[in-house]
Amino acid sequence: MADTTNTAHFNRARSAAENPVKRFFRATEIDTRLLGMVGAMLIIWIGFNFLSGGLFLTPRNLWNLSVQTASVSVMATGMVLVIVTRNIDLSVGSILGFVGMIMGVLQAELLPQLLGFNHPATWIITLLAGLSLGAAIGALHGMIIAFLNVPSFIVTLGGLLVWRGATWFVTSGRTVAPMDATFRLMGGGTEGSIGATASWIVGFLACVAIVASIIHSRKQRKRFGFPRRPVWAEYFLSGIGCALVLGAVAIANNYPWPTNIARKYAEANGLAWREGGLFIAHGIAIPVLIAILIGIVMTFIATRLRFGRYVFAIGGNPEAAELAGIKTRWVTVRIFALMGMLCAVAAAISTARLNAATNAQGELDELYTIAAAVIGGTSLAGGMGTIAGAMLGALVMQSLQSGMVLVGIDSPLQRIVVGVVLVTAVWLDTVYRARAK
Amino acid sequence: MTDQRTPLVEMRNISISFGGIHAVDNASVDLYPGEVVALLGHNGAGKSTLIKILSGAYRRDAGEILINGEPADIHNPRDAKKYGIETIYQTLAVADNVDAAANLYLGRELRTPWGTLDDVAMEAKAREVMGRLNPNFQRFKEPVKALSGGQRQSVAIARAILFNARILIMDEPTAALGPQETAQVGELIKQLKREGIGIFLISHDIHDVFDLADRVSVMKNGQVVGHARTEDVTKDEVLGMIIMGKVPPKAIPGPGAMQMA
């Protein structure tokens with residue numbers, strides 16, 4: 001095709017005129033914005049590591065960080081779609097609280113009466129009930145927004161109050177505990193982690209997937225004669241991807257079970273116990289696996305499915321989307337229903353982790369979720385945002401918070417810092433975008 | 001009209017009002033295959049509103065639409081597309097933040113057997129269509145926001161012809177364009193006309209469309225002033241229709257024609 005050769009010449013001519021750094025980024029197609037965020041996060045990590053005397057960058061702290069991030073990052077993936085369509089959801093924390101409370105009552109009080117304690121089906125019934133409830137609440141919000149034309153800010157502000165109040169009414173404010181043993185695995189901890197061997201397997205599978213997807217995309221581009229990345233860039237990307245995955249697995253596998261638990265386990269299984277000896281690795285925590293899985297599924301939905309395409313089209317120009325024949329109202333309903341379901345997943349993670357459902361669960365989470373999405377590059381003006389960015393944003397927020405705890409900063413000051421960082425991050429992003437134009 | 005063929009589109013006695021204001025009042029227009037009809041009038045004369053009824057963006061209060069002589073049910077943009085009606089809006093209704101291929105297929109995406117978006121196939125087809133329209137266009141990976149007015153216009157036009165439109169509505173197609181790009185759009189209109197597509201050109205500026213159109217229909221205050229073949233009237237006479245509602249002798253007066261004393 002004459003066209004493609006022209007393109008190739010054109011691209012080559014253009015890239016020759018650029019400096020090596022720009023050429024590198026063009027060749028690898030790495031998102032410089034995302035890279036900037038990774039850089040900022042590394043600065044935060046190294047800074048806290050220095051201030052805390054080497055406590056921050058330890059397998060133990062990083063592992064805990066990953067577990068603490070899971071719940072908010074799950075919700076942040078949905079918040080991206082909400083914000084991309086120029087909506088907002090202020091009710092996610094309250095939905096988390098309400099759904100968590102319902103799931104708590106279901107597994108701790110209702111199902112045991114029917115099935116007996118720790119019945120193997122308890123967790124799945126509870127989870128499915130929670131997911132349906134979350135989806136129903138979200139769909140209700142979405143319908144009010146789409147069909148009654150009430151602004152999402154108001155609908156979900158109402159939801160924030162309504163569902164928090166409803167949470168109280170479920171048990172008149174009583175905390176529900178303990179959770180079902182299997183359900184609890186979703187919260188992490190020593191039992192809620194998959195161990196060293198399984199972690200390595202997951203890691204290698206992820207590497208295979210990364211390489212396979214790079215090869216597949218190259219084949220597709222070749223088939224249709226599109227411009228391709230240089231071969232070295234493909235190797236580079238595969239290498240970096242695999243190194244990151246395996247590095248993360250290595251860290252998770254370097255965090256051993258606490259001595260007491262390891263000793264109990266050794267006694268129960270008749271293993272020899274030497275002082276300071278038995279090393280049982282945590283491996284990747286189940287909530288983290290859930291969050292990563294959700295991130296992959298949501299990225300797939302956002303970029304590979306028609307629904308995701310419509311979400312972004314609506315965000316870019318609602319009128320154009322409507323005129324193109326997209327049922328924009330139903331898309332809105334589905335976005336909010338999806339958001340509700342993700343709140344239910346987050347509720348499962350956080351109740352399982354706490355081993356209780358409380359009245360105040362998820363309070364202020366809506367703000368952390370929105371902040372994560374926005375720090376992660378989701379534009380409040382609509383149309384722009386990535387799932388990976390939002391999850392990274394959640395990790396940045398959580399790093400700040402747990403870093404400040406490690407360093408021993410007072411909690412009022414923590415909030416001030418988080419607030420200042422949020423505003424600064426968005427300001428920097430505005431500057432970046434203005435310059436990118 | 002002495003034409004014995006069935007009109008491609010016939011809009012009969014269309015009315016619509018918004019909160020008591022008659023935006024379109026008892027208006028009738030028609031369009032034949034391979035014909036370009038310019039719909040002229042001041043801003044607010046009701047041209048865009050009338051045509052948005054045809055493209056399904058608004059629902060008429062009264063009147064009927066016939067496509068190939070058959071009454072057509074058009075309630076939303078999807079219905080209109082089923083009848084082969086494609087619209088290029090004045091505001092260039094493109095989704096700014098997705099790329100050209102995504103815009104071309106917006107609402108009608110190609111999908112793989114697994115139900116996922118077939119982006120490569122869409123991009124391949126987009127390259128083909130855009131190559132025909134605007135061979136210089138290369139920016140397939142960038143969001144449409146980054147494109148120039150003319151490039152955005154070619155995306156909008158490609159989007160319309162990609163699905164074998166039989167009726168094309170162009171609302172101020174050259175308003176956002178420079179002279180060279182305007183000439184390009186003119187060429188394109190002639191090409192589409194040869195393919196037997198009927199085109200409604202909407203404009204408030206007679207100079208934009210007079211040379212391209214076979215007929216003009218003039219609107220004023222929501223009513224049709226009259227219709228005329230462009231060979232039968234001069235630009236000045238059409239201006240008289242637009243400004244004063246004065247119908248020249250060779251034109252056919254409509255309900256909005258100035259009442260001669």
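First things first, this report covers the structure right here in the doc.

Basis of the calculations
Residues numbered from 1 in each chain as written. Chains lettered and ligands numbered in written order. Predicted model: local features only at pLDDT ≥ 70, side-chain atom pairs only at ≥ 80, totals over all residues. Helix = DSSP H or I, 4+ residues; strand = E, 2+ residues; numbered from the N terminus. Rg over C-alpha atoms; globule rule 2.2 N^0.38 Å. Buried ≥ 20, exposed ≤ 12 C-beta atoms within 10 Å, placed from the backbone. Pairing = 2+ DSSP bridges. Contact = placed C-beta atoms within 7 Å. Axes fitted to C-alpha atoms, helices over the stretch in contact; angles between N-to-C directions.

## As for the overall build of chain B
Thought 1: The helix and strand tally for chain B stands at eight helices and 11 strands.
Thought 2: Taking 2.2 N^0.38 as the reference for a compact globule, 261 residues should give roughly 18 Å; the C-alpha atoms of chain B span a radius of gyration of 19 Å, in line with that estimate.
Thought 3: In terms of overall dimensions, chain B has C-alpha extents of about 65 × 40 × 40 Å along its principal axes.
Thought 4: Relative to its full complement of 261 residues, chain B shows a buried share of 50%.

## Things to note about the pairing of strand β3 (residues 36-40) of chain B
Residues and elements named next belong to chain B.
Thought 1: Burial runs high along β3: five of the five residues are buried.
Thought 2: Every second residue of β3 is oriented toward a common face, with Val36, Ala38 and Leu40 on one face and Val37 and Leu39 on the other, all of them buried.
Thought 3: Here β3 pairs with strand β8 (residues 198-203) via five bridges, running parallel. Residue pairing across strands places valine 37 opposite phenylalanine 200, the latter belonging to β8.
Thought 4: For β3 and strand β9 (residues 215-220), the ladder comprises four bridges, and the chain directions are parallel. Within β9, the residue paired with valine 37 across the bridge is arginine 215.

## Some words on the interface of chain B and chain A
Thought 1: Facing 24 residues of chain B, the contacting portion of chain A comprises 24 residues.
Thought 2: Only α2 (77-82) and α4 (119-133) of chain B provide two or more residues apiece to the side of chain B that touches chain A.
Thought 3: In terms of residues, the side of chain B that touches chain A owes the most to one element, α4 of chain B, which gives five residues.

## Section: the pairing of β9 of chain B
Side-chain positions along a regular strand alternate between the two faces of the sheet.
Residues and elements named next belong to chain B.
Thought 1: Within β9, six of the six residues are buried, leaving the element largely enclosed by the surrounding structure.
Thought 2: Burial along β9 is two-sided: the face carrying Arg215, Ser217 and Met219 and the face carrying Val216, Val218 and Lys220 are both buried.
Thought 3: Of the pairings in the sheet, the one linking β9 to strand β10 (residues 223-229) comprises six bridges and is antiparallel in character. Across the sheet, residue valine 216 finds its bridge partner in β10, namely alanine 228.
Thought 4: Taken together, β9 and the strand that follows it, β10, pair antiparallel across an intervening segment of two residues, in which asparagine 221 is found at a positive phi of about 50°.

## Some thoughts on the sheet that holds strand β4 (residues 62-67) of chain B
Think of a sheet as strands paired side by side through backbone hydrogen bonds, with each pair either parallel or antiparallel.
All names here are of chain B.
Thought 1: Strand order across the open sheet formed by four strands is β2-β1-β4-β5, with antiparallel pairing between neighbours. At either end of the open sheet lies a strand with only one pairing partner, and these are β2 (21-31) and β5 (70-71).
Thought 2: Bridge analysis of β4 against β5 gives two bridges, and the strand direction is antiparallel. Bridge pairing in β5 links isoleucine 67 to glutamate 70.
Thought 3: The strands touched by helix α1 (residues 47-54) are β1 (9-18), β2 and β4; relative to β1, the strand with the most contacts, the crossing angle is about 115°.

Distances and angles like these do not, on their own, reveal function.
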